[in-house]
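Fold and geometry: a report
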Amino acid sequence: MLAKYSFLHDMHNISADNKLAMPEELFNLYLKYMIEDGIGEYEDESEYAPSGCISFMTIHQSKGLEFPAVVVGSLGNVPKRNCDPLLYSAESRFFHRKPYEPMADIKYFDFWRLYYTAFSRAQNLLILAKKKADSKYFGGYLDNLPDIREFTETPVFADVKAVNYKHVYSFTSHISVYDGCPTQYKFYKEYGFSQNKMFHTSVGSLVHATLEDMNKCIIAGRQDRVNEAAIEEWFNLNYQSMQEQTGYFLTDEQRENALQQVIRYFHHRKDELGRVWRAEEEINLVLPDYILQGVIDLIEGQGDTVEIVDYKTGPKPDIEGHPERVEHYRKQLEIYAYLIEKRYGKKVRRMHLYYTNCLSGNPLITFEWTRSAIDHTVAEISESIKNIENKNFEGSVTNSYACTFCDMRFVCGKAAT
């Protein structure tokens, strides 16, 4: 709610004209709405049946779940109208076998399937909550069931089954944050505080989005269309979208700087653009205890061997003088290499960080792939995830640089230091 208020009322643009109206609107509209409607109550989506609570859900939400006792209402519903004529026309053109169900009866079959799903969620006791208007489709059946007030049997209820709910973790959004500062992870991920969008984040997103447009144009077989004019067109469209989503505006100098980062990349890698294989590739890998996720900026190569490129829009660090500054990026690339290997069966030969803001010299930092390094990194992140799931958030901060931009530095006292 606070994040929505901040966006809709341009909270990052506080001036003498609005500094009195802002808190008045916040307390009289937003916070009052939360108190009166009770929408601030916490709900853990991974726990579908908390102890001592009754779970309310739609029939569709209940699919795959079971409960000792189930109460089903809304028995006065009627079958929906027949399917969309346009969809039926498409099916009749491409579906060349006898229909499993007559078209005129599908709505009835769907209706009964829906309630079959609801009724079969009950393990020990099913209660149907009816009213007089519910007699059209269920009347004859409901009249033969005992009234709850006359039900004298004492059923033996089973325990609610445990759910093997696997959380999704990504390196950048979860593991890197936790390893840098467990307290920050607790605030942003465990408690769900909304992080303020900083200026440098907006510029980075703008550069990434434009590079993605360029790479996907190449993947589509239109490399001939990639030129400075097309890049500027994509850039302006992405900037307009960023304004609408975040409310942030960049100065002309800032916009030009971000645009030139993309154009420099285009000219620097002009001879290698044909090697693009995947861009902004999201990979999910289901492991025994969790789901590992990654979004890879660029995958290059052909055949069974590929290379990874991850874009960075900040200044290139001195890897020889301060190797610890890129250590967590190396781990990130190794996790990406692990995902590609498991998902596509391809070997990652090398991994690169590309610093788009680099004005001279080599903008790349390159890491060689080794099996021992990959296995070591996977073991490290598995330990971090284990600590997260055990809610161990007492560790000290290891990435003090992150404190500079952390909104919670005023809470933990880092702002004072």
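These lines cover the structure that appears in this document, whether it is placed above or below. Computed from a predicted model, the values in this text were never measured in an experiment.

This brings us to the overall build of the protein chain. Scanning the protein chain from N- to C-terminus turns up 14 helices and eight strands. At 28 Å, the protein chain has a C-alpha radius of gyration far larger than the 22 Å of a compact globule built from 417 residues. Along the first, second and third principal axes, the C-alpha atoms of the protein chain reach 85 × 60 × 50 Å. Across the 417 residues of the protein chain, 32% fall into the buried class. Within the protein chain, contacts between residues at least 6 apart in sequence are counted, and of these 69% link residues at least 24 apart.

In the structure shown here, the tally under the stated rule is 19 aromatic pairs. Centre to centre, the rings of F111 and F138 are 6.1 Å apart; their planes meet at 45°, and the pair counts as tilted. Of this pair, F111 sits in helix α4 (residues 106-119) while F138 sits in helix α5 (residues 135-142), placing them 27 residues apart in sequence. The exposure classification of F111 matches that of F138, with both residues buried. Here W277 and Y344 contribute two aromatic rings whose centre-to-centre distance is 5.2 Å and whose plane-to-plane angle is 75°, an arrangement assigned as edge-to-face. Separated by 67 residues along the polypeptide, W277 in strand β4 (residues 276-286) and Y344 in helix α11 (residues 327-344) bring together distant segments of the chain. The ring of W277 has R278 sitting right over it, with the charged end atom 4.2 Å from the ring centre. The lysine or arginine in question, K346, covers the ring of W277, its NZ or CZ lying 4.9 Å from the ring centre.

Together, Y108, W112 and Y141 line one region of the surface with nonpolar side chains, adding up to about 350 Å² of accessible area. A residue is classified by how much of its surface remains accessible, and Y108, at 33% relative accessible area, is partly exposed.

As a further point, take unusual backbone geometry. For S74, which is not a glycine, the phi torsion comes out positive at approximately 55°. Note that S74 resides in the loop between β1 (67-72) and α3 (85-94). Despite not being glycine, K391 shows a phi value in the positive range, around 55°. Within the secondary structure layout, K391 lies in the loop between α12 (371-389) and α13 (400-403).

We now examine the packing of helix α6 (residues 171-180) against helix α7 (residues 182-190). For any two helices packed against each other, one specifies the inter-axial angle together with the distance between the axes. Orientation of α6 relative to α7, taken along the N-to-C sense of each, is 135°, at an axis distance of 5 Å. One finds that α6 runs oblique with respect to α7. Residue-level inspection shows S173, H174, V177, Y178 and G180 of α6 in contact with α7, the latter providing P182, Q184, Y185 and K189.

A separate point is a negative patch on the surface. A cluster of acidic residues, E228, E232, D252 and E256, forms a negative patch at the surface. Residue assignment for the negative patch shows that the elements contributing at least two residues are α9 (228-246) and α10 (252-268). Note on placement: E232 falls in helix α9.

Now for the pairing of strand β7 (residues 347-355). It is a general feature of regular strands that their side chains alternate between the two faces of the sheet. Sheet topology places strand β6 (residues 305-312) next to β7; eight bridges connect them, and they run parallel. Within β7, the position partnered with V306 by the bridge is V348. Taken together, the five bridges between β7 and strand β8 (residues 364-368) define a ladder with antiparallel strand orientation. Counted as the bridge partner of M351 is F367 from β8.

It is worth spelling out the nonpolar core at this point. Core analysis: the largest hydrophobic core is formed by 37 residues, its most contacted members being L292, I308, I340 and V348. Broken down by secondary-structure element, the contributors of at least two residues to this core are α6, β4, β5 (291-302), β6, α11, β7, β8 and α12. Residue contributions to this core peak at seven residues, all from α11. Beyond its immediate sequence surroundings of up to four residues, I340 is in contact with I283, I296, I299, V306, I308, G345, K346 and V348. Formed by 29 residues, the second largest nonpolar core is a distinct cluster that contains L206, L211, I231 and Y265.

The rules we used
- Residues numbered from 1 in each chain as written.
- Predicted model: local features only at pLDDT ≥ 70, side-chain atom pairs only at ≥ 80, totals over all residues.
- Heavy atoms only, no water.
- Helix = DSSP H or I, 4+ residues; strand = E, 2+ residues; numbered from the N terminus.
- Rg over C-alpha atoms; globule rule 2.2 N^0.38 Å.
- Buried < 20%, exposed > 50% of the residue type's maximum accessible area, 1.4 Å probe, protein only.
- Contact = heavy atoms within 4.5 Å.
- Phe/Tyr/Trp six-rings, centres within 6.5 Å; stacked < 30°, edge-to-face > 60°.
- Lys NZ or Arg CZ within 6 Å of the ring centre and 35° of its normal.
- Patch = residues over 30% accessible without salt bridge, like charges linked within 9 Å, V, L, I, M, F, W, Y side chains within 5 Å.
- Areas by Shrake-Rupley, 256 points an atom, 1.4 Å probe, with all protein chains shown as cover.
- Salt bridge = Lys/Arg side-chain N within 4 Å of Asp/Glu carboxyl O.
- Axes fitted to C-alpha atoms, helices over the stretch in contact; angles between N-to-C directions.
- Parallel < 35°, antiparallel > 145°, perpendicular 65-115°, else oblique.
- Lys, Arg positive; Asp, Glu negative; His and termini not counted.
- Charge placed at Lys NZ, Arg CZ, Asp CG, Glu CD.
- Pairing = 2+ DSSP bridges.
- Core = buried A, V, L, I, M, F, W, Y, C linked by side-chain atoms within 4.5 Å.

Function cannot be read off these values alone, since they describe shape.
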